[in-house]
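# Reading the structure
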Amino acid sequence: KPDNITFEEAAGVPLVTMTALQALNNAGLKEGDSCFISGGAGGVGNAAIQLAKNYFKCSRVITTASAGDGTDLCKKLGADEVVDYKTAKFETMYNDKKFDVCFDTTNESLKMAKIVKSGGKIVTIAGAPTLEEIRRIGGDACILWLFLGKKEGRKEFKKAKKAGADWHYLFLTPNGDDLATIAGLLKDGTIKPVVDSVFDFQNEDATTGWKGAFKKAFSGRAKGKVVVNNMNGNANSK
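Before going into details, it helps to say that this report is about the structure given with it. Nothing here was measured: the structure is a model prediction, and the numbers come from that model. (Residues numbered from 1 in each chain as written. Predicted model: local features only at pLDDT ≥ 70, side-chain atom pairs only at ≥ 80, totals over all residues. Heavy atoms only, no water.)

Here we come to the overall build of the protein. Scanning the protein from terminus to terminus reveals 11 helices and 9 strands. In summary, the protein has a C-alpha radius of gyration of 18 Å against a globular reference of 18 Å for 238 residues, a match within 12%. Dimensions along the principal axes, computed over C-alpha positions, put the protein at roughly 55 × 45 × 35 Å. Counting the 238 residues in the protein, one finds 47% classified as buried. Excluding contacts between residues fewer than 6 apart, the proportion of contacts in the protein whose partners are at least 24 apart in sequence is 61%. Entry remark: accessible area of the protein is about 11,900 Å², with carbon and sulfur atoms responsible for 52%. Each charge class in the protein can be summarised by its mean position, and for the 34 positive and 28 negative side chains these summaries are 6 Å apart. (Helix = DSSP H or I, 4+ residues; strand = E, 2+ residues; numbered from the N terminus. Rg over C-alpha atoms; globule rule 2.2 N^0.38 Å. Buried < 20%, exposed > 50% of the residue type's maximum accessible area, 1.4 Å probe, protein only. Contact = heavy atoms within 4.5 Å. Areas by Shrake-Rupley, 256 points an atom, 1.4 Å probe, with all protein chains shown as cover. Lys, Arg positive; Asp, Glu negative; His and termini not counted. Charge placed at Lys NZ, Arg CZ, Asp CG, Glu CD.)

Structural data, given as structure tokens:
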């Protein structure tokens, strides 16, 4: 934990930031690229905006969020434009300004085939995983093949391929080197943790206790991470 962040902030960092880092690395994002990120006000979206703009040095970072606080937060984190997902359709807004990389955190990768450049890549962490990704992380796909399709059979992949792009589902893989990279970026201020709220693990209050944490975390309205602080003053993120 870098000294310049609190334990509560540190608790909200590893899962979302490492997911965003691995997704953008997987997509081959590089300096000067344009990047579209769905769900910018969420935990992974918060991290992805900052990484895309400040670490990968993208020329253009666009995201989706609700109007008001969600939009304000995304712009503060570095988004060049924020699309109000309640009133606008991103898939029709950028047909003439397509993106090198599209990162899906909201299960909308099928729509992204309309805004990805030929030669670009769509990476998703939402919806059902592919058999290939289950196998990559060491999962047993012998039974799962009954429920999950191969990458080539997914309509998202086919739509992306028709646009001349690639589509890939990504599971987070624990990685110490990635955590060390993230710690360095936090220490030098390249990225900052975003905590929506902190709850007390020691009581069941629906507003301030762990029940409130569950309620907020699953409401879909958290702006950043929901953190639970236990009796020893240590924090755990949901």
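A few words now on the packing of helix H2 (residues 14-26) against helix H3 (residues 43-55). Interaxial distance between H2 and H3 falls to 8 Å at its minimum, and their mutual angle equals 50°. On the basis of the axis angle, H2 is oblique to H3. Note on packing geometry: the crossing formed by H2 with H3 is right-handed. Residue-level inspection shows Val 16, Thr 17, Thr 19, Ala 20, Leu 21 and Leu 24 of H2 in contact with H3, the latter providing Gly 43, Val 44, Ala 47, Ala 48, Leu 51, Ala 52 and Tyr 55. The residue inventory of the contact of H2 with H3, partitioned by class, reads 10 nonpolar, 3 polar and no charged. (Axes fitted to C-alpha atoms, helices over the stretch in contact; angles between N-to-C directions. Parallel < 35°, antiparallel > 145°, perpendicular 65-115°, else oblique. Left-handed = near helix turned anticlockwise from the far one by under 90°. Nonpolar A, V, L, I, M, F, W, Y, C, P; charged D, E, K, R; others polar.)

Structurally, Thr 190 is set in the loop between helix H10 (176-187) and strand S7 (195-200). For Thr 190, the side chain forms a polar contact with the side chain of Asp 188, separated by 2.6 Å. For Thr 190, the residues in contact, after removing those within four places along its chain, are Asn 54, Tyr 55 and Leu 185. (Polar contact = N/O pair within 3.5 Å; in protein donor to acceptor, adjacent residues only side chain to side chain.)

The strands that make up a sheet are held in pairs by hydrogen bonds between backbone atoms, and each pair lies either parallel or antiparallel. The 6 strands lie next to each other as S3-S2-S1-S4-S5-S6, forming an open sheet whose pairing is parallel. Two strands lie at the open edges of the sheet, namely strand S3 (81-84) and strand S6 (166-169), each paired on one side alone. Sheet twist, expressed as the average angle between the axes of neighbouring strands with direction ignored, equals 15°. By the bridge criterion, 5 bridges tie strand S4 (residues 99-104) to strand S5 (residues 116-124) in an arrangement that is parallel. (Pairing = 2+ DSSP bridges.)

Summed over all chains, the structure comprises 8 aromatic pairs. Feature note: the residues Phe 36, Phe 90, Tyr 94 and Phe 99 constitute an aromatic cluster, connected by ring pairs. For Lys 1, the ring lying beneath its charged end belongs to Phe 7, and the centroid distance is 4.9 Å. (Phe/Tyr/Trp six-rings, centres within 6.5 Å; stacked < 30°, edge-to-face > 60°. Lys NZ or Arg CZ within 6 Å of the ring centre and 35° of its normal.)

Side-chain pairing between opposite charges can occur once the charged atoms of the two side chains come close. For the coordinates displayed, the defined rule picks out 10 salt bridges. Put simply, Lys 151 and Asp 166 hold a salt bridge, and the shortest N to O gap is 3.3 Å. Pair noted here: Lys 151 is in the loop between helix H8 (141-144) and helix H9 (155-162) and Asp 166 is in strand S6, with a separation of 15 residues, a long-range link. For Lys 151, a relative accessible area of 16% puts it in the buried group. (Salt bridge = Lys/Arg side-chain N within 4 Å of Asp/Glu carboxyl O.)

This brings us to helix H4 (residues 69-77). Taken together, the buried positions of H4 are occupied by Gly 70, Thr 71, Leu 73, Cys 74 and Leu 77. Seen end-on, H4 carries its buried residues on one side only, within an arc spanning 160°. Among the exposed residues of H4, those pointing more than 90 degrees away from its buried face are Asp 69, Asp 72 and Lys 76. (Arc of directions from axis to C-beta.)

Our next topic: the nonpolar core. Formed by 38 residues in total, the largest nonpolar core has its most connected members in Leu 24, Leu 29, Cys 35, Ile 37, Leu 51, Ala 52 and Phe 103. Not counting the four nearest positions on each side in its chain, Leu 29 is found in contact with Leu 24, Ser 34, Cys 35, Ala 52, Phe 56, Cys 58 and Val 101. If you look at the next biggest cluster of nonpolar residues, it comprises 16 residues, including Phe 99, Val 116, Trp 167 and Tyr 169. (Core = buried A, V, L, I, M, F, W, Y, C linked by side-chain atoms within 4.5 Å.)

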